[in-house]
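Commentary on secondary and tertiary structure
Spelled out, the chains give:
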Amino acid sequence: MRIETLSVHLPDSVATEQVGALLVQAVRTLETGMVIHLVGDLGAGKTTLSRGFIRALGHEGAVKSPTYTLVEPYEDLQPPVFHFDLYRLGDPEELEYMGIRDYLFGDALCLIEWPERGQGVLPPADCQIELKVEAAGRRMTLTAASVQGQALMNEFREALSHGWTVD
């Protein structure tokens, strides 16, 4: 599979949440489970993107980073979402103790912040989303890493074509 990327400028946190919601449109058309790695420095917008994603699926409560709990389940959503934040993970083996494989089922979507901290235990990403702070906002780069990731990128590109500038 040829690895492809898609890049878009996000001027502020509102745009970052909106793009998270657009990702949901793309995911819904695929009807398959997916692992999405969210990469970026502290404050780059990983949780903000996740918030837009989770709210677009219908969650009405707070969406916070599960920094201390490692995972926040949203099993009532369709599809179910598991939001991981591995920033405080001491050792990748801790993921085995918490039952990481129990979250990777059927049509579940796993949003994983700081995936590099779980290297060797985490499954490979279907797509990776990297967020970088730029002088005027953020740069989001989506990289497809599987057939499902490529399908997500294609659907996401279509959703972005209605009012967003893609690089």
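Look up a bit, the structure's there.
Residues numbered from 1 in each chain as written. Predicted model: local features only at pLDDT ≥ 70, side-chain atom pairs only at ≥ 80, totals over all residues. Heavy atoms only, no water.

What follows is about the nonpolar core. Phe 53, Val 81, Ile 129, Met 140 and Phe 156 are the most contacted members of the largest nonpolar core, which has 35 residues in total. Among the elements of the structure, strand S1 (5-10), helix H1 (13-30), strand S2 (34-39), helix H2 (46-56), strand S5 (109-113), strand S6 (127-134), strand S7 (137-144) and helix H4 (147-160) are those that each provide at least two residues to this core. Not counting residues up to four positions away in its chain, the partners in contact with Ile 129 are Leu 23, Ile 36, His 37, Leu 38, Val 39, Leu 49, Met 140, Thr 141 and Leu 142. Phe 82, Ile 100, Tyr 103 and Ile 112 belong to the second-largest nonpolar core, a separate cluster that totals 16 residues. (Core = buried A, V, L, I, M, F, W, Y, C linked by side-chain atoms within 4.5 Å. Buried < 20%, exposed > 50% of the residue type's maximum accessible area, 1.4 Å probe, protein only. Helix = DSSP H or I, 4+ residues; strand = E, 2+ residues; numbered from the N terminus. Contact = heavy atoms within 4.5 Å.)

With that settled, the discussion passes to unusual backbone geometry. A cis amide bond links Gln 78 with the next residue in sequence, Pro 79, at an omega value of 0°. In this fold, Pro 79 is placed in the loop between strand S3 (71-74) and strand S4 (81-85). Phi is positive for Leu 70, which is not a glycine, with a value near 75°. Note that Leu 70 resides in the loop between H2 and S3. We classify Leu 70 as buried; its relative accessible area is 13%. The backbone phi angle of Trp 114 is positive, close to 60°, even though this residue is not glycine. Among the structural elements, Trp 114 can be located in the loop between S5 and S6.

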